[in-house]
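# Survey of secondary and tertiary structure
The residues making up each chain are set out below.
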Amino acid sequence: MINSNTVSIFETADYSAETLRAVVEKHFSALGLEDLIKPETKVMIKPNLLMKASPEASITTHPELVAALINKLQSMGVQNIVIAESPGGTYSKPLLSMIYGSCGYKRFENLPGVTLNYDFSSKKTTFPEGKTVREFELISPVFEADFIISVAKLKTHAHTGLSGAVKNLFGTVPGLMKPEFHFRFQEKEPFCDMLVDLCECVKPSLAIVDAIWSMEGDGPSGGTKKYTGLTVASQNPYFCDLALCGVMGFDPSEAGTVTASIQRGLCPDSLSELTLVGDTGFIGKYSFIRPKSVKPNFVDKLPHFLNKPVEFIEKKFLSPRPKLQRKLCVGCGRCAESCPAKAIDIVDRKAVIHDSECIRCFCCQEMCPVKAIVIKRFSILKL
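Since this is a predicted model, take the numbers as computed values, not measurements.

Moving on: the environment of Leu73. Mapped onto the elements of the fold, Leu73 is located in helix α2 (residues 63-75). Using a relative accessible area of 0% as the deciding quantity, one classes Leu73 as buried. Spatially, the C-alpha atom of Leu73 lies 8.2 Å from that of Ile37, the residues being 36 residues apart in sequence. Discounting residues that sit within four places of it in the chain, Leu73 has contacts with Phe28, Ile37, Val43, Ile45, Val78, Ile81 and Ile149.

For the rest of this paragraph, the subject is the pattern of salt bridges. According to the stated counting rule, one finds 16 salt bridges in the structure shown. Among the salt bridges present, the one from Glu135 reaches Lys124, with a minimum N-O distance of 4.0 Å. Taken together, the positions of Glu135 in strand β6 (residues 135-139) and Lys124 in strand β5 (residues 122-126) put the pair 11 residues apart, joining distant regions of the chain. Overall, Lys124 belongs to the exposed group, its relative accessible area being 59%. One salt bridge connects Arg334 with Glu337, and the closest N-O pair in it is separated by 3.4 Å. Here Arg334 pairs with Glu337, and both are found in helix α10 (residues 334-338), just three residues apart, close to one helical turn.

This next bit is on the packing of helix α6 (residues 188-202) against helix α8 (residues 256-263). Describing two packed helices takes the angle between their axes plus the distance from one axis to the other. For the pair α6 and α8, interaxial distance at closest approach is 8 Å and the crossing angle is 70°. Judged on the interaxial angle alone, α8 and α6 are roughly perpendicular. Viewed along their axes, α6 and α8 form a crossing whose handedness is right-handed. Of the residues in α8, those touching α6 at Lys188, Cys192, Asp193, Leu195 and Val196 are Gly256, Thr257, Ala260 and Ser261. Class assignment for the residues of the contact of α6 with α8 results in four nonpolar, three polar and two charged.

We now examine the packing of aromatic side chains. Within this structure, the stated rule accounts for 11 aromatic pairs. Relative to Phe191, the ring of Phe170 has its centre 5.6 Å away and its plane inclined at 85°; by these criteria the two rings are edge-to-face. Of this pair, Phe170 sits in the loop between β8 (161-163) and α5 (178-184) while Phe191 sits in helix α6; the two residues are 21 residues apart in sequence, bridging distant segments of the chain. The exposure classification of Phe170 matches that of Phe191, with both residues buried. An angle of 25° between the planes, with centres 6.5 Å apart, marks the rings of Phe282 and Tyr286 as stacked. For the pair Phe282 and Tyr286, one class covers both residues: buried. The structure contains a cluster of three or more aromatic residues connected by ring pairs, namely Phe136, Phe170, Phe181, Phe185 and Phe191.

The subject of this paragraph is unusual backbone geometry. At the junction of Gly219 and Pro220, the peptide bond is cis and its omega measures out at 20° in the coordinates. Looking at where Pro220 falls in the secondary structure, it is placed in the loop between β9 (206-216) and β10 (224-234). At Lys203, a position not held by glycine, the phi torsion is positive, near 55°. Here Lys203 lies in the loop between α6 and β9. Residue class for Lys203 comes out partly exposed when judged on its relative accessible area of 40%. In this model, Arg360 sits at a positive phi of 60°, which is unusual for a non-glycine residue. The residue Arg360 is located in the loop between β14 (350-353) and α11 (363-367) in this model.

Bringing the packing of helix α1 (residues 17-31) against α2 into the picture now. Packing of α1 against α2 brings their axes to within 9 Å, and their N-to-C directions diverge by 55°. Comparing the axis directions of α1 and α2 gives the class oblique. Handedness of the α1/α2 crossing: right-handed. Counting all contacts with α1, which are made through Ala17, Leu20, Arg21, Val24, Glu25 and Phe28, the residues of α2 involved are Glu64, Leu65, Ala68, Leu69, Asn71, Lys72 and Leu73. Class assignment for the residues of the contact of α1 with α2 results in eight nonpolar, one polar and four charged.

Rules behind the numbers
Residues numbered from 1 in each chain as written. Predicted model: local features only at pLDDT ≥ 70, side-chain atom pairs only at ≥ 80, totals over all residues. Heavy atoms only, no water. Helix = DSSP H or I, 4+ residues; strand = E, 2+ residues; numbered from the N terminus. Buried < 20%, exposed > 50% of the residue type's maximum accessible area, 1.4 Å probe, protein only. Contact = heavy atoms within 4.5 Å. Salt bridge = Lys/Arg side-chain N within 4 Å of Asp/Glu carboxyl O. Axes fitted to C-alpha atoms, helices over the stretch in contact; angles between N-to-C directions. Parallel < 35°, antiparallel > 145°, perpendicular 65-115°, else oblique. Left-handed = near helix turned anticlockwise from the far one by under 90°. Nonpolar A, V, L, I, M, F, W, Y, C, P; charged D, E, K, R; others polar. Phe/Tyr/Trp six-rings, centres within 6.5 Å; stacked < 30°, edge-to-face > 60°.

Written as structure tokens, this is what we have:
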């Protein structure tokens with residue numbers, strides 16, 4: 001990974017081809033990318049294609065941004081570009097083809113020099129430097145690329161706080177292997193440490209974030225669209241996510257992957273240590289609504305002898321949890337399929353969440369296509 005502390009931020013008013021081609025040119029120039037990419041470079045573009053959703057839903061990376069990137073790369077002579085993603089659910093042609101179609105990516109299937117990935121093989125790779133994980137199984141295009149671009153979507157996230165450049169790389173883990181990681185690392189901190197291990201293993205060369213229309217609240221799929229009108233890019237995904245915290249009005253401690261990267265010395269703890277270029281007035285401009293899964297930390301304010309019993313009560317009875325809205329449930333089974341704890345059954349065409357087995361990872365809420373699962377907080381915590 002190239003050691004650059006530059007993050008480029010540019011106002012990007014809309015998703016028109018003209019607007020996006022111009023802004024991609026600005027990012028490439030600001031980051032000096034022309035010297036890093038050669039005609040023979042094999043490029044993998046990793047968008048966020050979480051689930052079947054239209055581009056206007058602000059759940060997935062808009063295809064026009066990917067089209068602008070392809071246009072720029074091909075203008076530099078690049079002839080080998082792969083668009084690859086392993087979304088939530090099974091890593092299979094029927095599901096991926098459906099997601100490509102709904103997200104607007106089928107347009108790239110017959111584009112010269114571009115491959116829309118349908119290779120469903122994966123490979124194991126050792127990563128001895130890992131803090132929590134020393135071996136990953138990753139989708140095959142990762143191993144074939146010289147230059148990986150994480151093209152993320154700016155969203156809040158019920159489990160990690162932020163879905164940005166680093167979290168986007170979870171889509172390099174094949175299909176239903178993702179719930180295994182959720183089950184192994186049930187708490188936010190170790191899960192985000194795992195995501196940083198994954199980022200260090202994949203080593204993306206560039207991160208660029210679609211923050212024209214973003215998502216706040218109960219993201220990454222059940223939140224509310226928010227117009228933010230910008231794109232953010234960096235050669236360093238950790239620096240990119242730190243800048244996103246500034247845009248969202250988040251303290252870095254609210255984004256688990258940013259916290260983990262700071263603790264490892266991969267990222268400074270302050271925006272003042274980054275070189276921000278472009279339209280830097282977006283820093284501090286917004287205040288994103290947090291997910292309901294974010295809990296107020298009142299334990300540290302109690303007398304020491306009460307900490308452990310109150311922590312137990314808080315975790316067992318007061319923690320946010322997924323709740324089914326039965327009238328909206330269509331019985332598709334995506335929640336049960338994605339649940340790492342196997343805490344959900346489909347009974348009489350409706351999901352049943354077994355609360356005693358739930359590990360509060362919110363994968364079910366994330367993957368529900370009709371927003372039938374919401375995050376429920378104990379009423380006192382809403383005050």
